[in-house]
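The lines below spell out each chain.
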Amino acid sequence: MLDPLGGEIRFDPSDLDGFYREVSRTSGRDRTLSLRRIHVGEGALEELPSAVARFDGVRRVVLFADATPMVRGAADLKAEVAALLDALGLPLHRVTIPADAHTTAEEVASLSAQLSEGDAVVSVGSGTVTDIAKHATHTSDLLSVHHVAVATANSVGAYTSELAVVTTRGVKRTTPSRLPDELILDTQILASTPRDIALGGVGDAGVGWGSLADYRLAALCGLGTWEPTSGRVFLPGLKGFLARESAFTTGGTTTAEAMALTLCAAGFAMSFAGESAPASGLEHVTSHVLDMTAERDGRPIGNHGEQCGLATALSLLAYDYLLNEADLAGLTLTAPDPNEVRAEVEQAFGPLGELVADECWNDVAVKVDGWAENLDRIQRLVDDWPGTRSRLAPLLADPLEYLRALHATGHPLRFEDVEPGIPDEQALFAFTHARLMRKRLSVADFLAFTGLWTPQLARTLFERFVNLRDRVLSGG
Ligand SMILES: [Zn+2]
């Protein structure tokens, strides 16, 4: 099979310099990132004092965390961190945000305002806490502020992504940010996270089996860019997961480490791309629609990673249909009618409020225009379908194999089993309409703009998902 990537790069956390050198060599330019060290293992937390002491001119430690109680094995994690930092003999300033805080511009500004020259910020937390700390050090005007991140959950690519998700005036936006200088992946901490959070991490890593293809497809259509390095660094972990390597299935600190490194690779993939696209395609928008409709459907918002992990199986079924079943031969493409697409957006999301539908349409209009502008180019993709297929296929997994791999980790296979329990009909609604909320092109848009995506097709793909999932659950 044609390899569109030119060799995979498995990163060794003990040799980040070697990893950056290899990435720079294969991409023909310097790709060294500001993350200097990753400490991984059961005793990684003990590296914290030396990580702080390594910074030149450090005058004070700012310990940033939320109020959620956390454990490392049987010990109180935050007390342990404070004790380790106390031993440095530096002034310690503690900043604690509420357990339900979000990554808002206000939280970022509040932390940033408390920083001064020579501070070493030690963040202890998952996505929200890490992103606030990253962005507060990124946006501060100070010349010398350092950041050591202590990871507490394998739930996100936040630790190695040079991007932050910050809510500004009520809207979540991904924005360029800064990496931590050092990262601590203590597998005793990561193995102590609650089961649903750990499994959410599995789902959020598995998404690469749909999102990388979406990322590639959008670029092939002229509606995005493709950074091959992102695929090269993300794929090795994804393949280990798909092959059900024992590290991914045995549990405990072994699996916590395998998942942590796979999610680090996802974060690097986003850093090298300069956008979240390599790890966020149709499956993420499907999850976002589930979140948007939760209130209407009278249920709490579900586990993000698990929603994405299951939606990835739906994306794979859509790709399976596009590459192996859909008949595009002789098809002459036309530009979609913006009014028709707008009516679809309003029909899907109007009931959630006029503002929601407007916001979605503003984004969706971008890809409607983009498709029209790139019609000739996309026609060539269709005319050379074997060539197009050979560029996408190496980024895709067999849907059944994917579900088997997910099952082997203990991840739920039914939307009903994703906390707090999502009825299949609601998941089908989200999958059917996900393409109508964001500007990024996915396999669903490709099928829609070629006239193949209908509610009936979405239902058929969902039924296939139910059949495969039941087969895996019954041991088949
Ligand atoms: Zn995610």
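Residue numbering note: each chain is counted from 1, following its sequence as written. Note on the predicted model: pLDDT of at least 70 is required for a residue's local features to be given, and 80 or more for side-chain atom pairs to be given and counted; whole-chain, interface and lining totals, by contrast, use all residues. As a rule here, side-chain values come from all non-hydrogen atoms in the structure, and water together with hydrogens is ignored.

S.K.: I would appreciate a short explanation of empty space enclosed by the protein in the present structure.
M.R.: In this approach the atoms are scanned with a rolling probe the size of a water molecule, which exposes any empty space left behind. Of the two site types, the cavity is a set of points on a 1 Å grid over the protein atoms alone where a 1.4 Å probe fits but cannot get out, and the pocket is an open set with protein on both sides within 12 Å along at least five of seven lines, each lined by residues with an atom within 4 Å of a point. Grid points are joined across faces, edges and corners, and a volume is the space filled by probe spheres set on the points. Following the criterion strictly, the structure yields two cavities of 30 Å³ or more and no others. Here the second largest cavity defines a volume of roughly 30 Å³. Lining the second largest cavity, in full, are Val285, Lys367, Ala434, Arg435, Arg438, Arg440, Ser442 and Asp445.

S.K.: Looking at this structure, I do not really get the packing of aromatic side chains. What am I missing?
M.R.: Two descriptors summarise a pair of aromatic rings, namely the distance from one centre to the other and the angle between the planes of the rings. Note on ring pairs: Phe, Tyr and Trp rings are taken, using the six-membered ring of Trp, and paired if centres are within 6.5 Å. Classes follow the plane angle, with under 30 degrees stacked, over 60 edge-to-face and the rest tilted. Enumeration according to the criterion identifies 17 aromatic pairs in this entry. On the basis of an interplanar angle of 25 degrees and a centroid distance of 5.9 Å, the ring pair of Trp385 and Phe446 is categorised as stacked. Placement of Trp385 in helix 17 (residues 385-392) and of Phe446 in helix 20 (residues 443-449) is noted, with a sequence separation of 61 residues between them. An identical accessibility class is assigned to Trp385 and Phe446; each is buried. Every member of this aromatic cluster is reached through a ring pair, and the members are Phe11, Phe19, Tyr20, Phe268 and Phe272. In this scheme, Lys NZ or Arg CZ marks a charge over a ring once it lies within 6 Å of the ring centre and within 35 degrees of the ring normal. Lying over the aromatic face of Phe429, Arg296 brings its terminal NZ or CZ to 4.7 Å of the ring centre. Here a strand is any run of E in DSSP of at least two residues, a helix any run of H or I of at least four, and the numbering for each starts at the N terminus. Residue burial is assigned from relative accessible area. The probe radius is 1.4 Å, only protein chains are included, and a residue is buried under 20% of its type maximum, exposed over 50%, and partly exposed in between.

S.K.: Which parts of the structure should I look at to understand unusual backbone geometry?
M.R.: Backbone phi values are negative for most residues with the exception of glycine, while trans is the configuration of most peptide bonds. The omega torsion across Glu419 and Pro420 is 0 degrees, close enough to zero to call that bond cis. Its location among the elements puts Pro420 in the loop between helix 18 (399-408) and helix 19 (424-433).

S.K.: Explain the side chain of Ser315 here, please?
M.R.: Take Ser315: it is sitting in helix 13 (residues 304-324). Discounting residues that sit within four places of it in the chain, Ser315 has contacts with Leu282, Glu283, Phe431 and Val443. Between two residues, a contact is recorded if the distance between any of their heavy atoms is within 4.5 Å.

S.K.: What should I look at first to understand the sheet that holds strand 6 (residues 119-125) in this one?
M.R.: Adjacent strands of a sheet form backbone hydrogen bonds with each other and so pair up, either parallel or antiparallel. With parallel pairing, six strands are arranged side by side in an open sheet as 1-10-7-6-2-5. The sheet is open, and its two borders are formed by strand 1 (37-41) and strand 5 (92-97), each paired with just one other strand. Neighbour to neighbour, the strand axes of the sheet diverge by 15 degrees on average, direction disregarded. At least two bridges found by DSSP between two strands are what make those strands a pair. As paired elements, strand 2 (residues 60-66) and strand 5 share six bridges and run parallel to each other. Under this scheme, a helix contributes an axis fitted over its contacting stretch, all axes are lines through C-alpha atoms, and angles between N-to-C directions fall in the 0 to 180 degree range.

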